[in-house]
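Geometric and topological summary
What follows is the residue order along each chain.
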Amino acid sequence: CHLNPAVSIGLWAGKRFPTKDLLPYIVVQVIAGIVGAGVLLVIASGKPGFDITVSNLAANGYAEHSPGGYSLFSGLIAEIVLTCMFLIVILGATDRRAPKGFAPIAIGLCLTLIHLIGIPVTNLSVNPARSTGPAIFAGGWAVQQLWLFWVAPIIGAVAGGVVYHGLF
């Protein structure tokens, strides 16, 4: 299933996803991201002392809102490169020439590695829908910085789709 607008766009750029389905998928993915963040907020609110202004539901951020204090430029590069690599792995693992049945392993391990690298930089996006949900509930700076977590993953996804299609 496609839970990630960047993956859907990358698959489209790699000639593996129909144009007619792209916008409806993205709309539903974003709605699902918002609903998911809402469920997380309801669960987290059940803990005494929970404060959304402290947790921000793990909203993505750069500069003073980066977990490791990374700059806008660092966040931009990390999100582009990590999303690009994610798409190359997805396209390779699901290629008709790839061994059948191993795609979930390759994709899951790649996503784990990407998270280990990217969480300290931006709380890791590579998924605009995942970024949108927490940002809406956190508000303020999270919404102001949300543009990066749409632009960078989409650039990375398109690059990954184009590179994979061009090479393979």
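The structure we're discussing is the one just above.
Residues numbered from 1 in each chain as written. Predicted model: local features only at pLDDT ≥ 70, side-chain atom pairs only at ≥ 80, totals over all residues. Heavy atoms only, no water.

**Quick word on the packing of aromatic side chains**
Summed over all chains, the structure comprises three aromatic pairs. Arranged with centres 4.8 Å apart and planes meeting at 85 degrees, the rings of Phe17 and Tyr25 form a pair that is edge-to-face. By relative accessible area, Phe17 is classed as buried at 10%. The class of Tyr25 is partly exposed, set by a relative accessible area of 36%. Ring geometry for Tyr164 and Phe168: centres 4.7 Å apart, planes at 40 degrees, overall tilted. For Phe168, a relative accessible area of 56% puts it in the exposed group. (Phe/Tyr/Trp six-rings, centres within 6.5 Å; stacked < 30°, edge-to-face > 60°. Buried < 20%, exposed > 50% of the residue type's maximum accessible area, 1.4 Å probe, protein only.)

**Thoughts on the layout of surface pockets**
When its volume is computed, the largest pocket comes out at roughly 360 Å³. Leu3, Asn4, Val7, Phe86 and Leu111 are the residues nearest the centre of the largest pocket, which is lined by 16 residues in total. Tallying contributions element by element places helix H5 (residues 103–122) first for the lining of the largest pocket, with three residues. In terms of residue class, the lining of the largest pocket is made up of ten nonpolar, five polar and one charged. Put simply, the second largest pocket is a space of about 150 Å³. Every residue along the wall of the second largest pocket is listed here: His2, Leu3, Tyr25, Val28, Gln29, Ala32, Gly33, Asn127, Ala129 and Arg130. Of all elements in the fold, only helix H2 (19–44) and helix H6 (128–138) reach the threshold of two or more residues within the lining of the second largest pocket. No other element matches H2, which puts five residues into the lining of the second largest pocket. (1 Å grid on protein atoms, 1.4 Å probe; cavity = no way out; pocket = protein on both sides within 12 Å on 5 of 7 lines; lining within 4 Å. Points joined across faces, edges and corners; volume = space filled by probe spheres on them. Helix = DSSP H or I, 4+ residues; strand = E, 2+ residues; numbered from the N terminus. Nonpolar A, V, L, I, M, F, W, Y, C, P; charged D, E, K, R; others polar.)

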